[in-house]
Amino acid sequence: MVAQRKMASTRQTYGETLLDMADSFPDIVVLGGDLNVSVFTHLWRDKYPERFFDFGPAEQNLVGVGAGLAANGKIPFVSTFSVFGVGRPFDQLRVLVSQGNLNMKLVCTHAGILTGEDGMSAHGIEDLSLICSLPAFTVVSPADSVETVQAIKTAASTEGPFYIRLSRAATPVVHEEDYRFQLGKAEVMREGSDVTIFATGVMVSVSLDAADMLAAQGVEARVVNIHTLKPVDEEAIVAGARETGAVVSAEEHYFHGGLGSIVAQVVGQNQPVPVEMVALQGYSESARAEELMVKCGLTPEKVKDAALKAVARKK
Amino acid sequence: MIGGRAPTAGHTYSVPELQAMAKELRRDIIQTIYTAGSGHPGGSLSELEILISLYFRVMRYDPENPGWADRDRFILSKGHASPGFYAVLSRAGYFPREELATYRQLNSRIQGHAHPMTPGVEMNSGSLGMGLSFALGCALAARLDGKDYMVYALLGDGECDEGEIWEAAMSAAHHKATNLVAIVDRNRIQNDRFTDDVMTLDPLDRKWRDFGWRVFETDGHDLPALLDTFEKTQRRRTRPTVIIAHTVKGKGVSFMENNPGFHGRAPNADEYQKALEELA
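The following paragraphs examine the structure supplied in this document. Small disclaimer: the values here were computed from a predicted structure and weren't measured.

Cut-offs used in this document
Residues numbered from 1 in each chain as written. Chains lettered and ligands numbered in written order. Predicted model: local features only at pLDDT ≥ 70, side-chain atom pairs only at ≥ 80, totals over all residues. Heavy atoms only, no water. Buried < 20%, exposed > 50% of the residue type's maximum accessible area, 1.4 Å probe, protein only. Helix = DSSP H or I, 4+ residues; strand = E, 2+ residues; numbered from the N terminus. Pairing = 2+ DSSP bridges. Right-handed = clockwise from strand over helix to strand, strands pointing away. Axes fitted to C-alpha atoms, helices over the stretch in contact; angles between N-to-C directions. Parallel < 35°, antiparallel > 145°, perpendicular 65-115°, else oblique. Left-handed = near helix turned anticlockwise from the far one by under 90°. Contact = heavy atoms within 4.5 Å. Nonpolar A, V, L, I, M, F, W, Y, C, P; charged D, E, K, R; others polar. Expected span 1.5 Å × (residues − 1). Polar contact = N/O pair within 3.5 Å; in protein donor to acceptor, adjacent residues only side chain to side chain.

Topic: the pairing of strand β11 (residues 221–225) of chain A
All names here are of chain A.
- Of all five residues in β11, five are buried, a share of seventy percent or more.
- The alternating pattern of β11 places Ala221, Val223 and Asn225 and Arg222 and Val224 on opposite faces, both of which are buried.
- Bridging between strand β9 (residues 187–190) and β11 involves three bridges; their strand directions are antiparallel. Each bridged residue has a counterpart across the sheet, and for Val188 the counterpart in β11 is Val224.
- Pairing of strand β10 (residues 195–199) with β11 involves five bridges; the strand directions are parallel. Looking at the pairing, Phe198 lines up with Val224 of β11.
- After leaving β10, the chain enters helix α9 (residues 203–216) and then returns to the sheet as β11, a path that is right-handed.

Shown next, in the form of structure tokens:
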């Protein structure tokens, strides 16, 4: 029942997309924290050394320098792992970048449990909660490599602070090459009238598989890709709640403060219906990414179960 | 355009004129904080001659065009010492002196801690340790744009407890930011107590030198000495430069001088009167 999809690395896509933009965006500079090979900014480092600055694993300074460059007309792309890029310099992101409303782009890879074997300290499961709490930030969690290209280009051409969340592991490609990403506009990937599944990141692919399973049981699920968590497409969330009467959120992130919280907030304020959440319940452990996805319940079966539960709760 | 390096600089202030200005601006600081009922007098009074040197003899800038691309940048990293900064910015022409009375008031452009909503302020502040990194970003932007502006960052000595200061120090030397000058307002008092009681900083000169910086030390209230030191920073710039400016917290008001109690509290009515009399 699980669809076979091509796999692609969003972090590699990020590094290649930066290179594509080098000529059209002469103000782009890239800042790294000694993880450039892992986040694929080494491609840029080696080609444009005069537009690249390394700061070592010193993330407070990394973000602080990025803020200073942004305040002087540069478009700094600041990259490291999500745990180091959001957690460590959170105060610099808050005071300098958000309160200063600066045009800095924070692109972090190795988010979530897809980071795998490095274990719980390396699993950025709180990044969305933290970064969504900063008023000035636009937050994008692409579903796949195709969407990553366009999200990165959109961030470069859109004024203001951005956070873009990418993975370590290669993830399934759910978009055709002619897909057009629209910032802040959720994408309905499958129509359905019984329940709406709002998913982000790798959980979009998982939710599409869940919808296939549900269809086999006669339940038609709408699947909506919430690539932009902030500002979120409230209209799409309200429409899903109103038109299908039950909703599910699915994210590879801690249940507190991520997509589930956002969906529940919008639904509760506008169109109260049953809400079920598929998300991480706490810290995980060292293992292969696909093993962790199963152990943590981020599978098509679990999304399907949540959808059935939401449908059953309809009045 | 004002400033010692500006080709079309207007009036060049003499040292006696700057000394008279310092006395006036000390009164502005006391009045600003008294009117607001809160604020940080100690560090505002200790930093004043450093700021006066920069804004009236050293830096080039244009208050009519705060975003002028070729301006020298000044970053107040110790953002709580904003009353001293605002007094200088106002005198330099960035906003009317009357606006000092709106400090910390609703709908004011001059915030408790310096924020870029105030004309002439480059960076949001209020969390210590960030200004040197931000200043390094400005300095690298100058290099990328082929511009020759200087970047000055004023740090508190207590602020040097922050790890980010040393991350920034290490990286500024690594990236050869020769257009970056940090000034440490070495008044030896931080929020709670004397710096020696909270966290040992000495030998502070050696710390900076070991991080790859050129180090100057000066009396931070002696205007001729300060001006001479800033002049020296312009010669043979092959590394980032730090000036350790030895100052007196609360300088100019006898009962505030060297008194940790006036790091962050406003004078009461009696203290206000007494301070103004001393500064008359």
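More follows now that the structure is in view.
A look at the packing of α9 of chain A against helix α13 (residues 300–312) of chain A
Residues and elements named next belong to chain A.
- One can describe the packing of α9 onto α13 by two numbers: an axis separation of 8 Å at closest approach and a directional angle of 60°. Accordingly, the angle class assigned to the pair α9 and α13 is oblique. Seen along the crossing, α9 lies across α13 with a hand that is right-handed. Judged by residue contacts, Met203, Val206, Ser207, Asp209, Ala210, Met213 and Leu214 of α9 engage Pro300, Glu301, Val303, Lys304, Ala307 and Leu308 from α13.
- Taken together, the residues of the contact of α9 with α13 sort by class into nine nonpolar, one polar and three charged.

Things to note about the sheet that holds strand β13 (residues 247–254) of chain A
Residues and elements named next belong to chain A.
- Across the sheet, five strands lie side by side as β9-β11-β10-β13-β14; this open sheet has mixed pairing. Strand pairing shows two members of the sheet lacking a second neighbour, β9 and β14 (275–280), which therefore form its edges. Between one strand and the next, the sheet's axes are offset by a mean angle of 25°, whatever the strand orientation.

What to know about helix α8 (residues 145–157) of chain A
Residue and element names in this part refer to chain A.
- The terminal C-alpha atoms of α8, which comprises 13 residues, lie 19 Å apart, in line with the 18 Å expected from a rise of 1.5 Å per residue.
- Across the 13 residues of α8, 10 count as buried, placing the element largely inside the fold.
- Within α8 the residues assigned to the buried category are Ser145, Val146, Glu147, Thr148, Gln150, Ala151, Ile152, Thr154, Ala155 and Ala156.
- The N-terminus of α8 is capped by Asp144, whose side-chain oxygen sits 3.2 Å from the backbone nitrogen of Val146.

By themselves, these are just geometric observations and shouldn't be taken as functional.
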